[in-house]
Amino acid sequence: MNDFIQMLQFPFLQRALIVGILVSLCAALLGVSLVLKRFSMIGDGLSHVGFASLAIAYAFNAAPLLVSIPVCLLSAFFVLRITENSKIKGDAATALLMSGSLAIGVMVISLTQGMNTDVCNYMFGSILAMSTSDVILSVILSIIVLILFVFFYNKIFAITFDEDFSKATGIHTNIYNMLLAALTSITVVLGMRMMGALLISSLVVMPALSAMRVCKRFLTVVITSAIISILCFVIGIYISYTMSTPTGASIVIINLAVFAVCSVIGSSKSN
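Throughout this document, residue positions are counted from 1 along each chain, in the order its sequence is written. pLDDT decides what is reported in this predicted model: residues at 70 or higher carry local features, side-chain atom pairs at 80 or more are listed and counted, and totals for whole chains, interfaces and linings draw on all residues regardless. With hydrogens and water set aside, each side-chain value is computed from the structure's full complement of heavy atoms.

S.K.: When you look at the overall build of the chain in this model, what are you seeing that I'm missing?
M.R.: A tally of regular secondary structure across the chain gives 13 helices and zero strands. For the chain, the succession of helices and strands along the chain, N to C, is α-α-α-α-α-α-α-α-α-α-α-α-α. Accessible area is worked out with a 1.4 Å probe on protein chains only. A residue is then buried under 20% of its type maximum, exposed over 50%, and partly exposed in between. Within the chain, the proportion of its 271 residues that are buried is 50%. Pairs of residues are marked as contacts when any of their non-hydrogen atoms sit within 4.5 Å. Contacts in the chain between residues at least 24 apart in sequence constitute 76% of all its contacts with a sequence separation of at least 6. Accessibility throughout is a Shrake-Rupley quantity obtained with a 1.4 Å probe, and a residue counts as covered only by protein chains that appear here. Carbon and sulfur atoms make up 70% of the accessible area of the chain, which amounts to about 12,800 Å² in all. A run of DSSP states H or I qualifies as a helix once it reaches four residues; a run of E qualifies as a strand once it reaches two. Both are numbered from the N-terminal end.

Spelled out as structure tokens, the structure:
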């Protein structure tokens, strides 16, 4: 407890905790729907797009978040449109997006003054990278994501479990799929500061998978996923501070441990 109190005395850790808890909450809520819709890899794809857009933003001295968010939004819409109107399936479209975006990001970096340290922070994550302006923008956008998710919860629930029936009852499923993709895009970009482009998708997928091992009802899974996500983030950042380990990797390892425990609990219940 003394170490945790001491940790809170550092301004950069205070900023990281504020943004991290909000982003973890957003990622967990959205992750349940994405996993159930078998579209969980979109987080990985969007993180690679975010990396490419960040590299371009730094090359032109532009604001990273202000460039990455609209680019990721357009990419999410592009993936959904391809999936709906062509023979390319969702996983193939995501793989196309991942490889192409990563190649663009690496090419941009190679054509500039070598590997920029700020770009490395986005690739692998760094809690030191959070500026005050980043915190303000991240908090505002995270609150918007949470409000929209709660407001459209019933519609998101409907398209998650039976999209064809939802469409038959008059729900504009395309609009709510776009909304889900847009909220995921914003969450992924915000989380890349601490988790990095290579690990941010774990923040979306792992808490949802853990919650599904011990809970059955959708609302219960959503709430449990949110609790797991926040706890894993706080524990992970504490371990990162006390043991000087990478923040993103620490959080992912804690999530893996929780998933293992939930799997054991789930198996014992089924038996």
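S.K.: I'm lost on the packing of helix H11 (residues 200-214) against helix H12 (residues 218-243) in this one. Help?
M.R.: Working note: a packed helix pair is described by the angle between its axes plus the distance between those axes. Running from amino to carboxyl end, H11 crosses H12 at an angle of 125°, the nearest separation of the two axes being 8 Å. In terms of orientation, H11 lies oblique with respect to H12. Considering only the axes of H11 and H12, their crossing is right-handed. Counting all contacts with H11, which are made through Leu-203, Pro-207, Ala-208, Ser-210, Ala-211, Met-212 and Val-214, the residues of H12 involved are Val-221, Thr-224, Ser-225, Ile-228 and Ser-229. In the scheme used here, Gly and all other residues not listed as nonpolar or charged are polar, with Ala, Val, Leu, Ile, Met, Phe, Trp, Tyr, Cys and Pro taken as nonpolar and Asp, Glu, Lys and Arg as charged. Of the residues belonging to the contact of H11 with H12, the class tally is eight nonpolar, four polar and no charged. Helix axes use the C-alpha atoms of the stretch in contact, all axes being lines fitted to C-alpha atoms, and the angles between their N-to-C directions lie in the range 0 to 180 degrees. For this classification, under 35 degrees means roughly parallel, over 145 means roughly antiparallel, 65 to 115 means roughly perpendicular, and everything else is oblique. For any pair of crossing helices, the crossing counts as left-handed if the nearer helix is rotated counterclockwise from the farther one by less than a right angle, and right-handed if it is rotated clockwise.

S.K.: How do you make sense of the side chain of Asn-255 when you look at a structure like this?
M.R.: In this fold, Asn-255 is placed in helix H13 (residues 247-270). If near-sequence neighbours (up to four positions away) are discounted, Asn-255 is found in contact with Met-206, Pro-207, Ser-210, Ile-228 and Cys-232.

S.K.: Please explain the nonpolar core as it appears in this structure.
M.R.: Nonpolar side chains in soluble globular proteins generally cluster together in the buried interior. Among the buried residues, those of types Ala, Val, Leu, Ile, Met, Phe, Trp, Tyr and Cys that are joined through side-chain atoms within 4.5 Å form a nonpolar core. The biggest cluster of nonpolar side chains holds 75 residues, and the ones touching the most others in it are Phe-149, Leu-203 and Ile-237. Ranked by residue count, the leading element in this core is helix H2 (residues 11-36), at 14 residues.

S.K.: Just checking my understanding: could you explain the packing of aromatic side chains for this structure?
M.R.: Any two aromatic rings considered together are summarised by their centre-to-centre distance and by the angle between their planes. Only rings of Phe, Tyr and Trp enter the pairing, Trp through its six-membered ring, and a pair is recorded when the two centres are within 6.5 Å. The plane angle decides the type: under 30 degrees is stacked, over 60 is edge-to-face, the rest tilted. For the structure on display, the rule yields nine aromatic pairs. Look at Phe-151 and Phe-152: their rings are 4.9 Å apart centre to centre, the planes differ by 85°, and that puts the pair in the edge-to-face class. Under the relative-accessibility criterion, Phe-152 is labelled partly exposed at 23%. On the basis of an interplanar angle of 50° and a centroid distance of 5.1 Å, the ring pair of Phe-157 and Phe-161 is categorised as tilted. Remark: Phe-161 and Phe-157 occur in helix H8 (residues 153-161); sequence separation between them is four residues, near one turn of the helix. An aromatic cluster of at least three residues, connected via ring pairs, comprises Phe-149, Tyr-153, Phe-157, Phe-161 and Phe-218.

S.K.: Sorry, what's going on with the packing of H2 against H11 here?
M.R.: Two elements in contact, H2 and H11, have axes whose closest approach is 7 Å; the angle formed by their N-to-C orientations is 65°. On the basis of the axis angle, H2 is roughly perpendicular to H11. Note that H2 runs across H11; the crossing there is right-handed. On H11, the residues that touch Val-23, Ser-24, Ala-27, Ala-28, Gly-31, Val-32, Leu-34, Val-35 and Leu-36 of H2 are Leu-203, Val-204, Val-205, Pro-207, Ala-208, Leu-209 and Met-212. When the residues that make up the contact of H2 with H11 are grouped by side-chain class, the tally is 14 nonpolar, two polar and no charged.

S.K.: Looking at this model, I keep getting lost on helix H3 (residues 42-59). Mind explaining?
M.R.: Every α-helical turn comprises 3.6 residues, leaving residues that sit three or four positions apart pointing alike. Between the first and last C-alpha of H3 there are 26 Å, a value that for 18 residues agrees with the 26 Å anticipated at 1.5 Å per step. The element H3 is extensively covered by neighbouring structure, given that 16 of its 18 residues are classed as buried. What a helix is expected to span follows from its residue count: subtract one and scale by 1.5 Å.

S.K.: Please explain helix H7 (residues 132-151) as it appears in this structure.
M.R.: Here H7 is 20 residues long and its end C-alpha atoms lie 29 Å apart, about the 28 Å a rise of 1.5 Å per residue gives. Among all positions of H7, only Asp-134, Val-135, Ser-138, Leu-141, Ser-142, Val-145, Leu-146 and Phe-149 are buried. Buried positions in H7, seen along its axis, are confined to an arc of 145° and lie on one side of it. Among the exposed residues of H7, those pointing more than 90 degrees away from its buried face are Ser-133, Ile-147 and Phe-151. Within this analysis, the arc is defined by the directions that extend from the helix axis to the C-beta atoms.

S.K.: I tried to follow the confidence of the model for the chain on my own but got confused; where do I start?
M.R.: Where the model shows low pLDDT, its predicted coordinates should not be examined in detail. A score between 0 and 100, pLDDT records how confident the predictor is in each residue. Confidence in the prediction of the chain, expressed as mean pLDDT, is 81, and 87% of residues score 70 or more. Averaged over each element, pLDDT in the chain is lowest for helix H6 (residues 117-124) (61) and highest for H12 (90).

S.K.: I'm lost on the side chain of Ser-240 in this one. Help?
M.R.: As for its position among the elements, Ser-240 is in helix H12. For Ser-240, a relative accessible area of 7% corresponds to the buried category. What Ser-240 contacts, discounting residues up to four positions off in sequence, is Thr-245, Pro-246, Thr-247 and Ser-250.

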